[in-house]
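Understanding the architecture of this molecule
Chain by chain, the residues:
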Amino acid sequence: MKRLRRVRDLMTGHMDSALAEALIGQLEATKKGAWLAIAMIGGDTRRADAHEEMREIEHQGDIQRARLVEELSGSLVTPIDREDIFRLSRSIDDILDSLRDFVRESHLYRVREQGRFAPMLDQVIVGIEALETAVRDLASSPSVVSNDALEVKKVSGTLQRMYQYEIARIFSGEITAETMKERELVRRLEIVGIAIGEAADAIADGAMKR
């Protein structure tokens, strides 16, 4: 069945469906991580519980990434270069890793006011969902992928600006141990934004080579 599926994808010019499924699986795990972070800062999930739950979510993402690497080695058709698909998968992994670090450091630092991180995390969800759209279009509508990548890149830029405003706010007042902890957590979310931008670049670069 796997061979027949790959022949079908070759004949239709579409991406091997297993590759798309693995990338979507990675993104679903990543979105779970983002929602968990939102639940944590909103007080719906205890920090210690979020820390433990994130380990399982990260494991789910790792399984999907390993699946993608295996499928990529045997795929007949890819809509963009294998190198760019691998870059995309690695960038998605970086998003999840940085969300894990955000949850872990929140657990360690015990920052009192976590609600201020909500707008950035909301934007992270937007970015992940934009990546999901791009990956689905890689499999079914490659001609629109460049526009999808641009939308993802916009989210990355928005997160960069939000980070700058947060840093300006932090440094506008008295610098204390608490504000430095806030800075570290905001920096983690900036790194998430950078990884979202790198995922967009992998998609855009691959589309340009077509």
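Residues numbered from 1 in each chain as written. Predicted model: local features only at pLDDT ≥ 70, side-chain atom pairs only at ≥ 80, totals over all residues. Heavy atoms only, no water.

A closer look at the overall build of the chain
The secondary structure content of the chain amounts to seven helices and zero strands. When the elements of the chain are put in sequence order from the N terminus, they spell out α-α-α-α-α-α-α. Counting across all 210 residues of the chain, residues that qualify as buried make up 53%. Of the contacts made within the chain by residues no fewer than 6 positions apart, 81% connect residues no fewer than 24 positions apart. Here the chain displays about 10000 Å² of accessible surface, and carbon together with sulfur accounts for 51% of that area. (Helix = DSSP H or I, 4+ residues; strand = E, 2+ residues; numbered from the N terminus. Buried < 20%, exposed > 50% of the residue type's maximum accessible area, 1.4 Å probe, protein only. Contact = heavy atoms within 4.5 Å. Areas by Shrake-Rupley, 256 points an atom, 1.4 Å probe, with all protein chains shown as cover.)

Observations regarding the packing of aromatic side chains
Counted according to the given criterion, the structure contains one aromatic pair. Summarising the aromatic geometry, the rings of Phe102 and Phe117 are spaced 5.6 Å apart at their centres and angled 85° between planes, so their arrangement reads as edge-to-face. In this pair, Phe102 is assigned in helix H4 (residues 82-109) and Phe117 in the loop between H4 and helix H5 (118-140), connecting sequence segments 15 residues apart. Of the residues examined, Phe102 reaches a relative accessible area of 0% and is grouped as buried. Above the plane of the ring of Phe86 lies Arg65, whose end atom (NZ or CZ) is 4.8 Å from the centre. (Phe/Tyr/Trp six-rings, centres within 6.5 Å; stacked < 30°, edge-to-face > 60°. Lys NZ or Arg CZ within 6 Å of the ring centre and 35° of its normal.)

Notes on the environment of Glu83
Looking at the secondary structure, you find Glu83 in helix H4. For the pair formed by Glu83 and Leu72, sequence separation is eleven residues and the distance between their alpha carbons is 9.8 Å.

Description of unusual backbone geometry
Phi is positive for Arg110, which is not a glycine, with a value near 55°. Note on placement: Arg110 falls in the loop between H4 and H5.

Re the pattern of salt bridges
Within this structure, the stated rule accounts for 21 salt bridges. With a shortest N-O distance of 3.0 Å, Lys153 and Asp201 are connected by a salt bridge. With Lys153 in helix H6 (residues 145-171) and Asp201 in helix H7 (residues 177-209), this residue pair connects regions lying 48 residues apart in the sequence. For Lys153, a relative accessible area of 36% corresponds to the partly exposed category. A relative accessible area of 27% means that Asp201 is categorised as partly exposed. Salt bridges here are not isolated pairs; linked through shared partners, they connect Glu58, Asp97, Arg100, Asp101, Arg104, Glu105 and Arg188. (Salt bridge = Lys/Arg side-chain N within 4 Å of Asp/Glu carboxyl O.)

Observations regarding the side chain of Asp93
Its place among the elements puts Asp93 in helix H4. There is no salt bridge for the buried Asp93, and the closest opposite charge comes from Arg65, which lies 4.2 Å off by N-O distance. (Lys, Arg positive; Asp, Glu negative; His and termini not counted.)

Observations regarding the confidence of the model for the chain
Caution applies to low-pLDDT parts of the model: their predicted coordinates are not meant to be read in detail. Model confidence for the chain is summarised by a mean pLDDT of 89, while 90% of its residues fall at 70 or above. Taken together, the stretch residues 1-14 has pLDDT below 50 and engages in 22 contacts with residues farther than four places along the chain or on a different chain. (pLDDT = per-residue confidence, 0-100.)

Examining a nonpolar patch on the surface
A surface patch of nonpolar side chains, amounting to about 270 Å² of accessible area, comprises Phe171, Ile175 and Met180. Of note, Met180 is situated in helix H7. (Patch = residues over 30% accessible without salt bridge, like charges linked within 9 Å, V, L, I, M, F, W, Y side chains within 5 Å.)

A short note on the packing of helix H2 (residues 17-41) against H5
The contact between H2 and H5 brings their axes to 10 Å, and the two run at 170°. Here H2 is positioned roughly antiparallel relative to H5, judged by the angle of their axes. Judged by residue contacts, Ala20, Leu23, Ile24, Leu27, Glu28, Thr30, Lys31, Ala34, Trp35, Ala37, Ile38 and Ile41 of H2 engage Ala118, Leu121, Asp122, Val124, Ile125, Ile128, Glu129, Leu131, Glu132, Val135, Arg136 and Ala139 from H5. In terms of residue class, the contact of H2 with H5 is made up of 17 nonpolar, one polar and six charged. (Axes fitted to C-alpha atoms, helices over the stretch in contact; angles between N-to-C directions. Parallel < 35°, antiparallel > 145°, perpendicular 65-115°, else oblique. Nonpolar A, V, L, I, M, F, W, Y, C, P; charged D, E, K, R; others polar.)

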